[in-house]
Amino acid sequence: MNTQDQLLELLADGKVHSGEALARALGVSRAAVWKHLQQLGTLGLEITARHGQGYKLSSPLELLDAELIREQLGKALCRQIAAIEVHRSIDSTNSYLMEAPADAPATPGRLCLAEYQSAGRGRRGRRWQSPFGASVYLSLRWRFGETPSQLPALALAAGVAVADTLEAAGVEAVGLKWPNDIYWRGRKLGGILLEMRGEAGGASEVVIGLGLNVSMPPGVAREIDQPWVDLAEVLGSNRPARPALAAALSRALCQAVLRFTDEGFEAFVAGYERRDVLAGHEVRLEQGGKILQGKALGIDTDGALKIRINGEVRRYVSGDVSLRRVS
Ligand code: ATP
Ligand code: BTN
């Protein structure tokens with residue numbers, strides 16, 4: 001473990017630690033401790049210095065735990081997973097898995113989670129705010145021997161799996177906004193980014209990335225330019241611990257991929273429809289610089305979004321449109 005990771009583990013309890021005690025535990029000078037503390041600040045961690053006493057995190061940290069994820073997945077699922085990687089800091093868990101070498105067919109899955117993303121991505125080049133330890137940043141890569149038809153609908157299926165998991169944890173009325181947003185009472189709680197990379201011979205790989213706000217520090221949250229919410233607000237002190245939630249979500253996503261492979265999107269349609277926050281509402285959509293307005297009519301059996309525009313029903317398959325509800 002490097003010095004910065006050791007420092008994090010020491011501070012994770014949220015209690016005050018003197019500079020001297022930290023220096024001693026890490027075997028470095030007090031000046032070096034101070035430098036490391038500053039670096040932690042750049043990851044979005046709020047560290048306060050108490051005069052004459054020492055340093056503390058503004059709130060205790062719940063660090064992710066690969067072993068807990070392994071336990072949650074169980075033996076049968078683990079056999080299909082090439083690796084469960086937990087990174088302290090990464091550019092983007094999705095980018096990482098999109099670039100990492102392919103896995104063997106016998107282990108089609110790979111999980112990558114991080115405490116912090118320096119370049120978390122939303123759709124269409126947008127930024128996903130990813131402060132340290134504040135949310136779940138989780139990507140699952142899956143290799144399909146044969147590319148399933150309706151693959152874009154996997155983003156919707158993943159949304160249903162996330163909503164089921166959140167509802168099991170006590171969140172009431174999770175909403176889904178086509179194609180990839182997790183909503184709660186009109187505010188964005190999380191998002192899914194599905195990316196694909198083709199391979200030869202009918203095989204393909206997808207990366208499903210999930211960002212889910214758990215407890216966002218106010219400073220970073222001010223950067224989010226639309227209504228948002230985190231689980232700390234939704235569930236208060238009843239919210240699940242972040243490591244346990246990350247493990248439950250990892251399992252739910254793996255299971256959703258397996259079910260999607262066997263049964264197709266059909267198995268998820270009802271779970272999507274009852275949470276569809278757009279159906280029946282006027283929406284404004286932007287595609288290729290053009291703005292259109294119409295009424296959202298829900299999804300088709302393949303996950304396409306149906307919108308009535310000037311009396312004509314159009315289908316949108318790709319996630320290449322941006323949508324806002326206007327009523
Ligand atoms: P659409 O794709 O239909 O336009 P969208 O505006 O939600 O929906 P996305 O690309 O899906 O766009 O998500 C990225 C957007 O999400 C950012 O532009 C920002 O407004 C918001 N966002 C960024 N970080 C967070 C976060 N941690 N929590 C909630 N929302 C966030
Ligand atoms: C969206 O609403 O646009 C989707 C946001 C997806 C964010 C997650 S966080 C983990 C993974 N890594 C990324 O860079 N993005 C996804």
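Computed from a predicted model, the values in this text were never measured in an experiment.

What counts, and where the lines are drawn
- Residues numbered from 1 in each chain as written.
- Chains lettered and ligands numbered in written order.
- Predicted model: local features only at pLDDT ≥ 70, side-chain atom pairs only at ≥ 80, totals over all residues.
- Heavy atoms only, no water.
- Helix = DSSP H or I, 4+ residues; strand = E, 2+ residues; numbered from the N terminus.
- Rg over C-alpha atoms; globule rule 2.2 N^0.38 Å.
- Buried < 20%, exposed > 50% of the residue type's maximum accessible area, 1.4 Å probe, protein only.
- Contact = heavy atoms within 4.5 Å.
- Near = heavy atom within 4 Å.
- Polar contact = N/O pair within 3.5 Å; in protein donor to acceptor, adjacent residues only side chain to side chain.
- Areas by Shrake-Rupley, 256 points an atom, 1.4 Å probe, with all protein chains shown as cover.
- Nonpolar A, V, L, I, M, F, W, Y, C, P; charged D, E, K, R; others polar.
- Domains from an automatic or database assignment.
- Pairing = 2+ DSSP bridges.
- Axes fitted to C-alpha atoms, helices over the stretch in contact; angles between N-to-C directions.
- Phe/Tyr/Trp six-rings, centres within 6.5 Å; stacked < 30°, edge-to-face > 60°.
- Lys NZ or Arg CZ within 6 Å of the ring centre and 35° of its normal.

**Q** I'd like a description of the overall build of the protein chain, backed by residues and values.
**A** Each helix and strand in the protein chain was counted, giving 10 helices and 14 strands. Against the 2.2 N^0.38 benchmark of 20 Å for 327 residues, the protein chain shows a C-alpha radius of gyration of 21 Å, consistent with a compact globule. When its C-alpha atoms are laid out on the principal axes, the protein chain stretches across 70 × 45 × 35 Å. Across the 327 residues that make up the protein chain, the buried fraction comes to 50%. Here the analysis covers contacts within the protein chain between residues at least 6 apart in sequence; of these, 66% occur between residues at least 24 apart.

**Q** Explain the site of ligand 1 to me, using residue names and the numbers behind them.
**A** Near ligand 1, the surroundings consist of 19 residues, among which R123, R126, K188, D225 and S322 are the closest. At 2.6 Å from an oxygen atom of ligand 1 is found a side-chain nitrogen or oxygen belonging to R126. Measuring from an oxygen atom of ligand 1, one finds a side-chain N or O atom of D225 at 2.4 Å. The fraction of the free accessible surface of ligand 1 (620 Å²) that becomes covered by protein chains is 96%. If you tally residues by element for the shell around ligand 1, the top one is strand β14 (residues 322-325), at 3 residues. The residue inventory of the shell around ligand 1, partitioned by class, reads 5 nonpolar, 6 polar and 8 charged. Mapped onto the domain boundaries, the shell around ligand 1 takes at least three residues apiece from domain 2 (66-273) and domain 3 (282-325).

**Q** How would you summarise the sheet that holds strand β12 (residues 305-309) if you had to cite specific residues and measurements?
**A** Picture the strands of a sheet paired through backbone hydrogen bonds; they go either parallel or antiparallel. With antiparallel pairing, the 5 strands of this open sheet are ordered in space as β13-β12-β11-β10-β14. Each end of this open sheet is capped by a strand with a single partner; those strands are β13 (312-316) and β14. Sheet twist, expressed as the average angle between the axes of neighbouring strands with direction ignored, equals 40 degrees. Bridge analysis of strand β11 (residues 290-299) against β12 gives 3 bridges, and the strand direction is antiparallel.

**Q** Can you lay out the packing of aromatic side chains for me, pointing to particular residues and giving the numbers?
**A** All told, the structure shown has 1 aromatic pair when counted by the stated rule. Taken together, a centroid distance of 6.4 Å and an interplanar angle of 40 degrees make the contact between F260 and F268 tilted. Lying across the ring of F268, R259 places its NZ or CZ 5.7 Å from the centre.

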